[in-house]
Amino acid sequence: VRDIERGDVVVFSGVDSWDGEVKLQEPSNPVAAFFRWVGTAFGVVPGEKDYIKRVIGVPGDTVKCCDAQGRITVNGVPLDERAYLHPSDEPARDPFEVKVPPGRLWVMGDHRSVSLDSRSHLGDPGGGTIPVDKVIGRAFVIVWPFSRAAIIPIPDTFNQPALKAAVAVGEAAPFALGLAGAAPLLLWRRRRRSRR
């Protein structure tokens, strides 16, 4: 019901792109195979090509590892990921810098030491990013086990004013460039009319 934002946890299809992180055995029992097929078709049972990751970068963002304190930065703004990273995980081990292309997302797992995420697919077409149109949905609640039931909010680190300002500047850039290009033409036209 809204656009995908930084910090969202999304489920997406890796068909024709990412290899499965976990190879799932097909059930040998035909009844179990049928119910698995039905569950996968209706999105109740994840398929072996469905992934769940956190969105770190949206189109136009530059995602980089890492600053002097070992933090991931988005458009030069460091992220404090301690609230959602698996205990003892570091944001990333190997340096990278990626500009997220239009229509794509940079995604990373919350258990970074075992997650095969965008970092693991840097050599793939799209430079590790996933197409926005492959997103199946947004995870917003944990329902099982009941002891961990909770709403999944966007972490506060993605609400930093500096990060929001970077977005506003990025969104305003095409308008500003168009205005800068049009201003000389308007001045030239006004001078030409005044000479008549």
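The model shown is predicted, which means the values in this text are computed figures rather than measured ones. (Residues numbered from 1 in each chain as written. Predicted model: local features only at pLDDT ≥ 70, side-chain atom pairs only at ≥ 80, totals over all residues. Heavy atoms only, no water.)

## Some points on the nonpolar core
Ranked by internal contacts, the top residues of the largest apolar core, which has 17 residues, are I56, V63, I72, L79, F96 and W106. Of all elements in the fold, only β3 (62–65), β4 (72–74), β6 (96–99) and β7 (104–108) reach the threshold of two or more residues within this core. Setting aside residues up to four positions removed in sequence, L79 forms contacts with I56, R71, I72, V74, T157, F158, Q160 and L163. Residues V10, V55, V107 and V135 belong to the second largest nonpolar core, which totals nine residues. (Core = buried A, V, L, I, M, F, W, Y, C linked by side-chain atoms within 4.5 Å. Buried < 20%, exposed > 50% of the residue type's maximum accessible area, 1.4 Å probe, protein only. Helix = DSSP H or I, 4+ residues; strand = E, 2+ residues; numbered from the N terminus. Contact = heavy atoms within 4.5 Å.)

## As for the sheet that holds β4
Taken together, four strands build an open sheet; the order of strands is β5-β4-β3-β6 and the sheet is antiparallel. Both outer strands of the open sheet, β5 (77–78) and β6, are each paired with one neighbouring strand and no more. The pairing of β4 with β5 spans two bridges and is antiparallel. Bridge pairing in β5 links T73 to P78. (Pairing = 2+ DSSP bridges.)

## Topic: the pattern of salt bridges
Here the structure, examined in full by the defined rule, presents seven salt bridges. As a salt-bridge pair, R54 and D110 come within 2.8 Å of each other at their nearest N and O atoms. Of this pair, R54 sits in strand β2 (residues 50–57) while D110 sits in the loop between β7 and β8 (130–131), placing them 56 residues apart in sequence. The exposure class assigned to R54 is buried, which follows from its relative accessible area of 5%. A relative accessible area of 23% places D110 in the partly exposed class. (Salt bridge = Lys/Arg side-chain N within 4 Å of Asp/Glu carboxyl O.)

## Some thoughts on the layout of surface pockets
Counted as a void, the second largest pocket has a volume near 240 Å³. Looking at the lining of the second largest pocket residue by residue, the classes come out as four nonpolar, four polar and six charged. (1 Å grid on protein atoms, 1.4 Å probe; cavity = no way out; pocket = protein on both sides within 12 Å on 5 of 7 lines; lining within 4 Å. Points joined across faces, edges and corners; volume = space filled by probe spheres on them. Nonpolar A, V, L, I, M, F, W, Y, C, P; charged D, E, K, R; others polar.)

## Comments concerning the state of the cysteines
Covalent bonding between the sulfur atoms of two cysteines defines a disulfide. All chains considered together, the criterion is met by one disulfide. With its sulfur 2.1 Å from that of its partner, C65 forms a disulfide with C66. Given an S-S torsion of about -85°, the disulfide between C65 and C66 has left-handed geometry. (Disulfide = S-S within 2.5 Å.)

## With respect to a nonpolar patch on the surface
Taken together, the side chains of F140, V141, V143, W144, F146 and I151 present a nonpolar region at the surface, about 720 Å² in accessible area. Tracing the chain through its elements places F140 in the loop between β9 (135–139) and β10 (141–142). A residue is classified by how much of its surface remains accessible, and F140, at 47% relative accessible area, is partly exposed. (Patch = residues over 30% accessible without salt bridge, like charges linked within 9 Å, V, L, I, M, F, W, Y side chains within 5 Å. Areas by Shrake-Rupley, 256 points an atom, 1.4 Å probe, with all protein chains shown as cover.)

## A word on the packing of aromatic side chains
Any pair of aromatic rings gets described here by the distance separating the centres and the angle formed by the planes. Evaluated as defined, the whole model comprises four aromatic pairs. Seen from their ring centres, F12 and Y51 are 5.4 Å apart, and the 25° between their planes marks the pair as stacked. With F12 in strand β1 (residues 9–13) and Y51 in strand β2, this pair connects stretches of sequence that are 39 residues apart. One residue, R54, lies across the ring of Y84, its end atom 4.1 Å from the ring centre. (Phe/Tyr/Trp six-rings, centres within 6.5 Å; stacked < 30°, edge-to-face > 60°. Lys NZ or Arg CZ within 6 Å of the ring centre and 35° of its normal.)

## Some words on the sheet that holds β1
The pairing of strands in a sheet comes from backbone hydrogen bonds and takes either a parallel or an antiparallel form. One open sheet holds the five strands; their spatial order is β8-β7-β2-β1-β9, and the pairing between them is antiparallel. Pairing within the sheet leaves two strands with one partner each, and these edge strands are β8 and β9. The sheet contact formed by β1 and β2 spans five bridges and is antiparallel. When the sheet's bridge partners are listed, V10 is paired in β2 with K53.

## Some remarks on the pairing of β7
For β7, a buried count of five out of five residues is recorded, marking the element as mostly surrounded by other parts of the structure. Bridge analysis of β2 against β7 gives three bridges, and the strand direction is antiparallel. Bridged to G57 within β7 is W106. As judged from the two bridges shared by β7 and β8, these two strands associate in the antiparallel manner. Bridging across to β8, L105 finds its partner in I130.

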